[in-house]
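Remarks on the overall topology
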Amino acid sequence: MAIRTIVVDGDEILRKKCREVKEITPRIVETLEDMFDTMREAGGVGIAAPQVGVMRRMFIAEPEPEEVYYMINPVILETEGSQVGDEGCLSVPEMIGTVERPSKIKIEATDLSGERKVYEFEDFHARVMCHEYDHLEGILYTDKATNMREAVYDNEEDEE
Ligand SMILES: [Zn+2]
């Protein structure tokens, strides 16, 4: 268990396409565990492998507290509808922007136990999954966002 350094926008690592995970080795599991700790530490709802400098197709999402998804080699099978909402990213500190995303997605991925599963997500869950999936393609939400602006916190204690 370790906190890793989060790669920030401007580093070309975030612009590369990630490679498939061929096998869930102890090293892959360790990376995912570290990603989880790093995400929690940073207060994010998701983190993708390239954000800790690992160019593999995997991410973690926690769209609701304690509802954690380990998504290895994810494939988006279907998208439906659209929603518009604000997003932020651990790799783009202190900023938010408005992004259009599908309102529903069907996504297939391998979980930590190696099982391939199909999930359906809506609303905020779908947004988080699409955002993290984009990281694996070298896409940042800032590429799609309008109204990029500084994040303003309601409570000063949230600021770091
Ligand atoms: Zn992000």
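Structure report, in brief. (Residues numbered from 1 in each chain as written. Predicted model: local features only at pLDDT ≥ 70, side-chain atom pairs only at ≥ 80, totals over all residues.)

This next bit is on the overall build of the chain. Along the backbone of the chain there are two helices and eight strands. In the chain, the order of α-helices and β-strands from amino to carboxyl end is α-β-β-β-β-β-β-β-α-β. Here the C-alpha radius of gyration of the chain, 15 Å, is about what a compact globule of 160 residues would show, namely 15 Å. Overall, the chain is about 40 × 35 × 30 Å in size when its C-alpha atoms are taken along their principal axes. The buried share among the 160 residues of the chain stands at 31%. Of the contacts made within the chain by residues no fewer than 6 positions apart, 64% connect residues no fewer than 24 positions apart. (Helix = DSSP H or I, 4+ residues; strand = E, 2+ residues; numbered from the N terminus. Rg over C-alpha atoms; globule rule 2.2 N^0.38 Å. Buried ≥ 20, exposed ≤ 12 C-beta atoms within 10 Å, placed from the backbone. Contact = placed C-beta atoms within 7 Å.)

Among the nonpolar cores identified, the biggest contains 33 residues, and Ala 49, Phe 59, Ile 60, Ala 61 and Met 129 are the most heavily contacted of them. Elements with a minimum of two residues in this core: helix H1 (26-42), strand E1 (46-48), strand E2 (58-64), strand E3 (67-80), strand E5 (92-101), strand E6 (104-110) and helix H2 (123-136). A total of six residues in this core trace back to one element, the largest contributor, which is H2. Residues in contact with Ala 49, not counting those within four places in the same chain, are Cys 18, Thr 31, Met 35, Val 54, Met 55, Arg 56, Met 58 and Phe 59. (Core = buried A, V, L, I, M, F, W, Y, C linked by C-beta atoms within 7 Å.)

All right, on to unusual backbone geometry then. The residue Glu 66 is not glycine, and still its phi comes out positive at about 70°. Counting through the fold element by element, Glu 66 comes out in the loop between E2 and E3. Taking the C-beta count within 10 Å as the criterion, Glu 66 has 5 such neighbours and is therefore assigned exposed. Of note in the backbone geometry, Asp 123 takes a positive phi value of approximately 50° without being a glycine. Structurally, Asp 123 is set in helix H2. You can call Asp 123 partly exposed: it has 14 C-beta atoms within 10 Å.

Another aspect to go through is the sheet that holds E6. Sheet architecture is open: five strands sit in the order E1-E2-E3-E6-E7, paired in antiparallel fashion. Looking at strand neighbours, the two that pair on one side only are E1 and strand E7 (116-122), the edges of this open sheet. Direction aside, neighbouring strands of the sheet carry axes that sit 40° apart on average. As judged from the six bridges shared by E3 and E6, these two strands associate in the antiparallel manner. Note that in E6 the partner of Glu 78 across the bridge is Lys 106. H1 rests against E1, E2 and E3 of the sheet, and its axis sits at about 40° to E2. Contacts from H2 reach E1, E2, E3, E6 and E7, with the element oriented near 160° to E2. (Pairing = 2+ DSSP bridges. Axes fitted to C-alpha atoms, helices over the stretch in contact; angles between N-to-C directions.)

This brings us to H1. Over its 17 residues, H1 extends 24 Å from the first C-alpha to the last, a length consistent with the 24 Å expected when each residue adds 1.5 Å. Listed as buried for H1 are Leu 32, Met 35, Thr 38 and Met 39. End-on view of H1: buried residues confined to an arc of 125°, all on one side of the axis. Projecting away from the buried face of H1 at angles above 90 degrees are the exposed residues Pro 26, Val 29, Glu 30 and Glu 41. (Expected span 1.5 Å × (residues − 1). Arc of directions from axis to C-beta.)

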